[in-house]
Amino acid sequence: MKSYWSGKRVTVTGGAGFLGQHVVRRLESYGAKVFVPRQRAYNLVALDACLRCLLEHPCDVLFHTAAYYGGIGINQSEPARLYYTNLVMGANLMEAARLAQVAKVVNIGTACSYPGYLEGHLKERDLWAGPCHASVVNYGLTKKMLAVQGEAYKKQYGLDSIHLILTNLYGPGDSYNPERSHVVAALVRKWVEAEMAKAPRIEVWGTGKPVREFIYVEDCADAIVLAAEKYQDVTMPLNIGTGIGTTIRELVETINAVTGYRGTITWNADKPDGAMMKVLDVERMRQVLEGWTPPTDLKSGLAKTIAWYRANKAQADTKW
Ligand code: GDP
């Protein structure tokens, strides 16, 4: 059977990155002709580079997976760079997409865009129900603006786009730099290093009480490609996730179980907890993706990630 992607020309920004490379791999396996702009040739923060990219490599579908991003640490140390890079890159790419007459743009958003002080699972219709959490507002708002731009560009220019909202990704190829990393990569590195050094204790940030949702990077790429085919509604974002909340304390226990570490854990409450709960409601995702749900459970995803990190530590540690 001919796939939806067969023969389609697709451009994937960030296509050599942590998430983007898996999106590219899937699209190619379904028969798409994929182009990945590299920063050396196309610095996508500039409008002329965005336009040159889309005119030199015309595409039917543009996936915008590129982002300058990271965990709670980089949100504190580099709020301005996060803000400027993501806001301007996103705005310019959409403008270039309509000038180059791209048929559909798939924007990758973030759960940091949701109100940061709501209780319960985050539903798409609540995206505007309150302010972002102060710890991630600089990043969260830039992606939220892309959802606004998508609606405006459909109304005025007829450009089709969708906005997919992701939670905390993890897996091989992530950033393992402690100043930038999200919690899973940070803890995987701490655990493997403690194991190597036979360290009697490990320090973890915060209180352990915040609840997060973790999705294995390859599962997320599957869902993005499927959603790009099945979802069309520019007026409403679509959550992509597991819908399963895990406390940071439970995450620590699962990593202990996978690695067999028996030392002491100390909790540094001087480090920020961030939002108390960031878990997506995935009911609409299940409907749109016709029952698809992420196949990798947290324990087996962590086992794969830890095995990869042990085998590739030297190379992983050099990545910013
Ligand atoms: P967030 O999901 O945007 O808040 O970003 P992170 O993935 O960086 O952090 C998630 C939670 O993990 C926060 O409550 C952090 O305090 C907690 N955490 C515990 N230890 C660490 C660590 O070593 N690094 C990071 N980045 N977060 C940690």
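Above this text is the structure in question.
Because the structure is a prediction, the values reported are computed rather than measured. (Residues numbered from 1 in each chain as written. Predicted model: local features only at pLDDT ≥ 70, side-chain atom pairs only at ≥ 80, totals over all residues. Heavy atoms only, no water.)

### Here we look at the site of the ligand
Now for step 1: Around the ligand lies a shell of 18 residues, among which Ile-72, Lys-190, Arg-212, Pro-272 and Asp-273 are the nearest.
Now for step 2: Trp-205 has a polar backbone atom sitting 3.0 Å from a nitrogen atom of the ligand.
Now for step 3: Relative to its unbound accessible surface of 540 Å², the ligand loses 99% to contact with the protein.
Now for step 4: For the shell around the ligand, the elements supplying multiple residues, two or more each, are helix H6 (183-197) and strand S7 (201-205).
Now for step 5: The greatest single-element share of the shell around the ligand, amounting to 4 residues, is contributed by H6. (Near = heavy atom within 4 Å. Polar contact = N/O pair within 3.5 Å; in protein donor to acceptor, adjacent residues only side chain to side chain. Areas by Shrake-Rupley, 256 points an atom, 1.4 Å probe, with all protein chains shown as cover. Helix = DSSP H or I, 4+ residues; strand = E, 2+ residues; numbered from the N terminus.)

### Some details on the sheet that holds strand S5 (residues 160-166)
Now for step 1: One open sheet accounts for 6 strands, arranged S2-S1-S3-S4-S5-S10; its pairing is parallel. On the outer flanks of this sheet lie strand S2 (33-35) and strand S10 (238-240), each paired with one strand and no other. On average, each strand axis in the sheet is inclined to that of its neighbour by 25 degrees, with strand direction left out of account.
Now for step 2: With 3 bridges joining them, strand S1 (residues 9-13) and S2 adopt parallel strand pairing. When the sheet's bridge partners are listed, Thr-11 is paired in S2 with Phe-35.
Now for step 3: Strand contacts of helix H1 (residues 20-29): S1, S2 and strand S3 (61-64), with the helix running at about 170 degrees to S1, the strand carrying the most contacts. (Pairing = 2+ DSSP bridges. Axes fitted to C-alpha atoms, helices over the stretch in contact; angles between N-to-C directions. Contact = heavy atoms within 4.5 Å.)

### Things to note about the layout of surface pockets
Now for step 1: One number sums up the size of the second largest pocket: a volume of about 180 Å³.
Now for step 2: Every residue lining the second largest pocket is listed: Tyr-170, Glu-213, Phe-214, Thr-242, Ile-244, Thr-246, Arg-286, Thr-293, Pro-294, Thr-296, Asp-297 and Leu-298.
Now for step 3: Here the lining of the second largest pocket is built from residues that sort into 5 nonpolar, 4 polar and 3 charged. (1 Å grid on protein atoms, 1.4 Å probe; cavity = no way out; pocket = protein on both sides within 12 Å on 5 of 7 lines; lining within 4 Å. Points joined across faces, edges and corners; volume = space filled by probe spheres on them. Nonpolar A, V, L, I, M, F, W, Y, C, P; charged D, E, K, R; others polar.)

### Focus: the nonpolar core
Now for step 1: Counting 40 residues, the largest nonpolar core has Leu-19, Phe-63 and Ile-240 as the members making the most contacts within it.
Now for step 2: Elements with a minimum of two residues in this core: S1, H1, S3, strand S4 (104-110), S5, helix H7 (217-230), S10 and helix H9 (283-288).
Now for step 3: Looking at this core, the element that brings in the most residues is H7, giving 8 residues.
Now for step 4: Not counting residues within four places of it along the chain, the set of residues in contact with Phe-63 comprises Trp-5, Val-10, Thr-11, Val-12, Thr-13, Val-23, Leu-27, Val-106, Ile-224 and Ala-228. (Core = buried A, V, L, I, M, F, W, Y, C linked by side-chain atoms within 4.5 Å. Buried < 20%, exposed > 50% of the residue type's maximum accessible area, 1.4 Å probe, protein only.)

### Some points on the sheet that holds strand S8 (residues 211-212)
Now for step 1: One open sheet holds the 3 strands; their spatial order is S11-S8-S13, and the pairing between them is mixed. Only two strands of the sheet have a single neighbouring strand rather than two, namely strand S11 (246-247) and strand S13 (277-278).
Now for step 2: Pairing of S8 with S13 involves 2 bridges; the strand directions are parallel. Looking across to S13, one finds that Val-211 is bridged to Met-277.

### Some points on helix H5 (residues 137-157)
Now for step 1: Taking 1.5 Å per residue as the helical rise, H5 with its 21 residues ought to reach 30 Å, and the 29 Å between its terminal C-alpha atoms agrees with that figure.
Now for step 2: Listed in full, the buried residues belonging to H5 are Tyr-139, Gly-140, Thr-142, Lys-143, Lys-144, Leu-146, Ala-147, Gln-149, Gly-150 and Tyr-153.
Now for step 3: Contacts from the buried residues of H5 go to S3, helix H3 (72-77), helix H4 (79-99), S4 and S5.
Now for step 4: Of the residues flanking the end of H5, it is Gly-158, one or two places downstream, whose phi is positive at about 75 degrees. (Expected span 1.5 Å × (residues − 1).)

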